[in-house]
Each structure stands twice: as C-alpha cells, then as structure tokens.
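Spelled out from the first residue to the last, the chains are:
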Amino acid sequence: MLKCVIVDDEQKSCKTLSTLVERYTEGVTVCASAASVAEGIRVISEVKPQLVFLDISMPDGTGFDLLDRMGEKQFELIFTTAYSEYAVRAIKMQAADYLLKPIDIAELQQAVAGVKKKNGARAGWGSEQPQLKHTAPAHKDTIAITVNGGLEF
C-alpha cells in the first residue's frame, strides 16, 4: 500500500483530491492532510509517506518553501495547483508530475501509476503493473512529455 499525504490550504481541494485518490487509484491510501507549509512539514515528518501531493500557494509560504525547509526529500512528489507557470520549477525540484486544478481523473491515475512504476521495486511497493479502478477521458489541452528525466507540458 502506497501511503500519501496531501498538503493544500483549500479544504475543498484537499477533500476532493482525497476522494479522487481513494476512488480512482489502486493501492494508494491518504494517511493525512495539512493546510499550511508548517503543518505539512510536521505531518510529512510524522507519517513518512512515499508520496506527497503538494499545492504551490499557501498562506505561510509555497510548496517550494516546504521542500526547501525539509531538506532532502524522502518521498515522491506530485504538485497539484491552479498555477501553470511553476511547472518548470517543479520539474527542477524533481517532481514526478504536475497536475492542474481541477484535477483530471485520467491525469491523476497516470501520475500515480508513473510513481508506482518508477519506484515499484524500491521499498517493497511491488513490481507488478498498477491496476486502475476506473478510467476517464484524457485532458485534451495538455500533454506531458518526458525530457531529460523530467516532464515538459
């Protein structure tokens, strides 16, 4: 089971993402959520998730501030934000993916499957191909292309 944490100051966005993860991704459990940079650091340190869904803009800083304050990250990272202009910076932070709100189910499934595939043999996550519970049509306005170990949108 892949443990994840959601860090997002918008309660509605956090609840929606949690529901989407639980309903549409196989083998992923939302263990906790946080509504600020400071709370996110505390929760991530306590839970030690394999995956963090991270918003960019929060009242006490940015998702980038959280990453800077944590030092070396011991988890995979998927940014979930309404701001497309931070994608290149997210790639440089070695994010596994960058999802724009509102979150597209197919993109979420693809991002989680990518994390599972990349890290399948590590930490006992299992090496089998992840199974998706449901499928949804792909978002037609954006594609992600792997470039030099990152994603280009």
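An account of the accompanying structure is given in this report.

Quick notes on the rules
Residues numbered from 1 in each chain as written. Predicted model: local features only at pLDDT ≥ 70, side-chain atom pairs only at ≥ 80, totals over all residues. Heavy atoms only, no water. Pairing = 2+ DSSP bridges. Helix = DSSP H or I, 4+ residues; strand = E, 2+ residues; numbered from the N terminus. Axes fitted to C-alpha atoms, helices over the stretch in contact; angles between N-to-C directions. Contact = heavy atoms within 4.5 Å. Core = buried A, V, L, I, M, F, W, Y, C linked by side-chain atoms within 4.5 Å. Buried < 20%, exposed > 50% of the residue type's maximum accessible area, 1.4 Å probe, protein only.

So, on to the sheet that holds strand S7 (residues 97–100). Either a parallel or an antiparallel arrangement is found when strands of a sheet pair, and the pairing is made through backbone hydrogen bonds. Pairing in this open sheet of five strands is parallel, and the strands run S2-S1-S3-S6-S7 from one edge to the other. Of all the strands in the sheet, just strand S2 (28–34) and S7 have a single pairing partner and so form its edges. Strand-to-strand twist in this sheet, taken as the mean axis angle between neighbours without regard to direction, amounts to 20°. With four bridges joining them, strand S6 (residues 76–81) and S7 adopt parallel strand pairing. Residue pairing in the sheet places Phe79 in a bridge with Tyr98 of S7. The strands that helix H1 (residues 11–24) touches are strand S1 (2–7), S2, strand S3 (51–54) and S6; relative to S2, the one it contacts most, it runs at about 170°. Lying on the sheet, helix H5 (residues 105–119) is in contact with S1, S2, S3, S6 and S7; it crosses S6 at an angle near 165°.

A word on the nonpolar core. Formed by 22 residues in total, the largest nonpolar core has its most connected members in Val7, Leu54, Leu66, Leu77 and Phe79. Secondary structure elements with two or more residues in this core: S1, S2, helix H2 (37–47), S3, helix H3 (63–70), S6 and helix H4 (87–92). For this core, the leading source of residues is H2, giving four residues. Those residues in contact with Leu54 that sit more than four places away from it in its chain are Val7, Gly63, Leu66, Leu67, Leu77, Ile78, Phe79 and Thr80. Of all hydrophobic cores here, the second largest spans 19 residues; its members include Cys14, Val21, Tyr24 and Leu99.

Moving on, we come to the environment of Pro59. Along the chain, Pro59 falls in the loop between strand S4 (57–58) and strand S5 (61–62). Residue Pro59 is classed as exposed on the basis of its relative accessible area of 70%. Considering only alpha carbons, one finds Pro59 and Val37, 22 residues apart in sequence, at a separation of 8.1 Å. In this structure Pro59 touches Asp9 and Ala35, once residues within four positions along its chain are discounted.

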